[in-house]
Amino acid sequence: MVTMPRVARAQACCAGSGALTPGRLALHEDALVGMQLHASAVLGEYDDSTRRYAGQPAGQSEYDFEEDLFAAVRLFKRAQVALLLPYVETRRQENNAQGFGGGIGDMNLSARYDFIRAGESRYVPGIAALAGITAPTGRSPSSPNAFALDVFATGTGAWQGNFGLALEQAFGHWLVNATEIFAWRAPFSARGVDEALAPQWTTLLGAGYVFSNDAALALYGSYTLEGSPTINGASLPSSSRSVALVELSGVYPILERLRLQASLFLNPPLSGFGAGQTATTGVTFTVIWSWI
């Protein structure tokens, strides 16, 4: 039988979960607020049907930025809710045309309930139910005000509901996580066109290591799959989307209530790793203050 010290289990659950999901409350926290800065560059695009990757053509470029304000509060011992408000900017160039714009993105309210926490049992992993709703507070690409290069597009234009299941377990200083999330988007209309985005599935696998000072490093990957959308009641053939993502993140406690996080992420710029999506790379920086 493998023994795992209770202190190491608790440490992995707290710091490791922060490295994987920065807006999540640790076991000892009652509430938190934070800001996340996100910057990325488009490397190229995956073809819809062949899944072949091609780099950005000469004269084209895109840089995306996002600033998120978020907060989370514990409702009771095993339940917590979080609110995220993003501000999105895009700088895009296509040959001789270029534009820069932005605005408020789609706001998200999410909840988490832990039936079993990681480390509570040696043999049964932590099990948590996830749920959320995203409001179309941003401007969709179909909006009349999205500008010719869509640089003022900051959202999907549709209400979205998210439902998921997370499994995680602590092994000494290690925390491993597997999460599956299903997203359903409501139909919407813009410029006389009725559109319905297909359901979306996201699978995430990750592992984090926690050091003795509660700093942590985590490596995880995700794969998102989305079917073809429907336009005016007709499904668009060969327009499904998929994309893989790998990310390396780290969290460092400055004070008992203050922690910093940074991450590097990449959609692999290789054929077969996506379809109907752009490939990007970028960084995020996060500052979190918590109440215990």
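Residues numbered from 1 in each chain as written. Predicted model: local features only at pLDDT ≥ 70, side-chain atom pairs only at ≥ 80, totals over all residues. Heavy atoms only, no water.

Colleague: Help me understand the environment of S238 in this model?
Modeller: Note on placement: S238 falls in the loop between β15 (234-235) and β16 (241-253). As for S238 and G227, which are separated by 11 residues in sequence, their C-alpha atoms are 9.1 Å apart. In this structure S238 touches D48 and S228, once residues within four positions along its chain are discounted. (Helix = DSSP H or I, 4+ residues; strand = E, 2+ residues; numbered from the N terminus. Contact = heavy atoms within 4.5 Å.)

Colleague: Please clarify how the packing of aromatic side chains should be interpreted in this entry.
Modeller: For any pair of aromatic rings, geometry is given as the distance between the ring centres together with the angle between the planes. On inspection of all chains with the given rule, the structure shows six aromatic pairs. Ring centres of W174 and Y209 lie 5.0 Å apart, and the angle between their planes is 65 degrees; this geometry places the pair in the edge-to-face category. Placement of the pair is W174 in strand β9 (residues 174-185) and Y209 in strand β12 (residues 200-210), with a sequence separation of 35 residues. For Y209, a relative accessible area of 28% translates into the label partly exposed. Seen in terms of ring centroids, Y209 and F211 are 5.1 Å apart; in terms of plane orientation they differ by 75 degrees. Their pairing is edge-to-face. Aromatic rings pair up to connect F76, Y113 and F115 into one cluster. (Phe/Tyr/Trp six-rings, centres within 6.5 Å; stacked < 30°, edge-to-face > 60°. Buried < 20%, exposed > 50% of the residue type's maximum accessible area, 1.4 Å probe, protein only.)

Colleague: So what exactly am I meant to see when it comes to the sheet that holds strand β14 (residues 230-231) here?
Modeller: Strands in a sheet are paired, the pairing made by backbone hydrogen bonds, and the direction either parallel or antiparallel. Taken in spatial order, the four strands make up an open sheet running β10-β11-β14-β15, and their pairing is antiparallel. Only two strands of the sheet have a single partner each, and these edge strands are β10 (188-190) and β15. (Pairing = 2+ DSSP bridges.)

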